[in-house]
Amino acid sequence: MRILIADDNRVDRFLLNGLLTRAGHEVIEAENGLESWDILQRDNPDLVILDWQMPGMDGVEVCRRVRQMQDRPYVFIILLTGNDEKRSEER
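Residues numbered from 1 in each chain as written. Predicted model: local features only at pLDDT ≥ 70, side-chain atom pairs only at ≥ 80, totals over all residues. Heavy atoms only, no water.

(A) Main features of the overall build of the protein. When helices and strands are counted, the protein shows three helices and four strands. Seen in sequence order, the protein has helices and strands lined up from the N terminus as β-α-β-α-β-α-β. In summary, the protein has a C-alpha radius of gyration of 13 Å against a globular reference of 12 Å for 91 residues, a match within 12%. With the C-alpha coordinates aligned to their principal axes, the bounding extent of the protein is approximately 35 × 30 × 20 Å. For the protein, the proportion of contacts with a sequence separation of at least 24, taken over those separated by at least 6, is 61%. (Helix = DSSP H or I, 4+ residues; strand = E, 2+ residues; numbered from the N terminus. Rg over C-alpha atoms; globule rule 2.2 N^0.38 Å. Contact = heavy atoms within 4.5 Å.)

Structural data, given as structure tokens:
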């Protein structure tokens, strides 16, 4: 499976990349939301793991844009956050 990891934290990307690569997946990395959006339009990954808060474009906005793409195969999205507050931002 082709998986895009989009996270501005290099350590988190490294750890996820290692786990997924060892499991036999092809991994693509992005450092921010804008880079992930460019990759999504070009490379058609099967799964996207997005950090909620990233510079340039947050994970929620990337998710919205992906869902508006009508001419592409369906892509599964996992949205992660390191936010430990009980109250989350309503969108």
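(B) Region of the structure containing helix H1 (residues 10-22). Counted at 1.5 Å a residue, the expected span for H1 with its 13 residues is 18 Å, and the 18 Å between its end C-alpha atoms agrees. Within the span of H1, buried status applies to Arg13, Asn17, Gly18 and Leu20. Where H1 is buried, its residues contact strand S1 (2-6), strand S2 (26-30) and strand S3 (47-51). By the N-cap criterion, in which a side-chain oxygen at the helix start approaches the backbone nitrogen of a residue two or three places on, H1 is capped by Asn9, the distance to Val11 being 2.9 Å. Directly after H1, the chain includes Gly24, whose backbone phi takes a positive value near 95°. (Expected span 1.5 Å × (residues − 1). Buried < 20%, exposed > 50% of the residue type's maximum accessible area, 1.4 Å probe, protein only. Polar contact = N/O pair within 3.5 Å; in protein donor to acceptor, adjacent residues only side chain to side chain.)

(C) View of the side chain of Asn17. Positionally, Asn17 belongs in helix H1. Every residue in contact with Asn17, bar those within four places of it in the chain, is listed here: Ile5, Val27 and Glu29.

(D) Up close: the side chain of Arg13. Topologically, Arg13 is positioned in helix H1. Separated by 3.0 Å, the side chains of Arg13 and Glu29 make a polar contact. Ignoring sequence-local partners within four residues, the contact set of Arg13 consists of Ile5, Asp7, Asp8, Glu29, Ala30 and Glu31.

(E) View of the pairing of S2. Bridging between S1 and S2 involves five bridges; their strand directions are parallel. Across the sheet, the residue bridging to Ile5 is Glu29, located in S2. For the segment spanning S1, H1 and S2, crossover handedness is right-handed. (Pairing = 2+ DSSP bridges. Right-handed = clockwise from strand over helix to strand, strands pointing away.)

(F) The environment of Asp8, seen in detail. Tracing the backbone through its elements, the reader meets Asp8 in the loop between S1 and H1. A sequence separation of 14 residues divides Asp8 from Arg22, and the C-alpha atoms of the two residues are 22 Å apart.

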